[in-house]
Amino acid sequence: MHWKILSTEYLSNHPYFTARKDVCEMPDGTLVPSYFVVELPPTVCAMAMTEEGEVILVKQYRHPVGEVLTEIPGGFADEGEDAATAIARELLEETGYEFTQIDEVGKVAGNPGVLSGYTHLFLATGGKKVNAQSLDAHEQIDIHLVPVEEVRSMLQRNEFSQALHVSCMLYAFQKLDSKEK
């Protein structure tokens with residue numbers, strides 16, 4: 001079922017948005033004259049819980065949709081950085097918290113028909129505030145500590161728009177629920 005790439009033309013080359021046009025051949029010989037792919041580096045996100053059992057939610061403006069969204073912390077992995085290191089770094093930068101336990105609960109592709117790359121999903125527990133936020137120049141992030149059962153209710157009420165974060169929370173709650181049994 002794999003396609004053979006006959007040629008690739010890069011249309012844009014940016015660290016967070018690289019677009020290419022591939023000419024491919026399907027196994028049956030059918031030519032695909034132009035298949036467009038957006039290459040993205042790996043991303044990470046975590047449902048992060050404090051020592052007191054509150055979930056750290058973040059609110060930030062998301063320009064592509066023109067809205068302030070409630071999300072969980074996360075971001076891009078740096079080149080050569082493994083996912084576990086990336087999420088620990090992102091959590092510290094965005095929230096100022098360090099965690100005693102960080103478990104990978106899944107890996108999903110955001111839209112594999114167009115986007116390359118995966119998002120690694122984590123559950124981080126035992127969070128303790130150790131620093132102030134250390135945000136990128138374009139980031140404005142408000143932190144909200146929310147009881148875990150309220151986050152579960154928010155999820156059930158469809159109050160989170162970021163699909164990859166929804167996936168992370170679903171897997172994280174699954175892991176939390178399995179620990180309780």
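The structure this text deals with has already been given above.
Bear in mind that the values here come from a model prediction, so they are computed numbers and not experimental data. (Residues numbered from 1 in each chain as written. Predicted model: local features only at pLDDT ≥ 70, side-chain atom pairs only at ≥ 80, totals over all residues. Heavy atoms only, no water.)

The helix and strand tally for the protein stands at 3 helices and 11 strands. Secondary structure elements in the protein, listed N-terminal to C-terminal, are β-β-β-β-β-β-β-α-β-β-β-β-α-α. Considering only residue pairs separated by 6 or more positions, the protein has 56% of its internal contacts joining residues 24 or more positions apart. Charged side chains in the protein number 14 positive and 28 negative. The centres of these two groups are separated by 4 Å. (Helix = DSSP H or I, 4+ residues; strand = E, 2+ residues; numbered from the N terminus. Contact = heavy atoms within 4.5 Å. Lys, Arg positive; Asp, Glu negative; His and termini not counted. Charge placed at Lys NZ, Arg CZ, Asp CG, Glu CD.)

The angle between the axes and the distance between the axes are what describe a pair of packed helices. At a minimum axis distance of 11 Å, the contact between helix α2 (residues 148-156) and helix α3 (residues 163-180) shows a crossing angle of 135 degrees. Overall, the two elements α2 and α3 adopt an arrangement that is oblique. Note on packing geometry: the crossing formed by α2 with α3 is left-handed. Contact residues: α2 offers Val148, Val151, Arg152 and Leu155, while α3 offers Val166, Met169, Leu170, Phe173, Leu176 and Asp177. (Axes fitted to C-alpha atoms, helices over the stretch in contact; angles between N-to-C directions. Parallel < 35°, antiparallel > 145°, perpendicular 65-115°, else oblique. Left-handed = near helix turned anticlockwise from the far one by under 90°.)

Turning to the sheet that holds strand β3 (residues 31-39), a few remarks are in order. Strand order across the open sheet formed by 3 strands is β1-β2-β3, with antiparallel pairing between neighbours. Of all the strands in the sheet, just β1 (4-14) and β3 have a single pairing partner and so form its edges. On average, each strand axis in the sheet is inclined to that of its neighbour by 20 degrees, with strand direction left out of account. One ladder, built from 9 bridges, connects β1 with strand β2 (residues 17-25); its direction is antiparallel. Bridging from a neighbouring strand, serine 12 pairs with alanine 19 of β2. (Pairing = 2+ DSSP bridges.)

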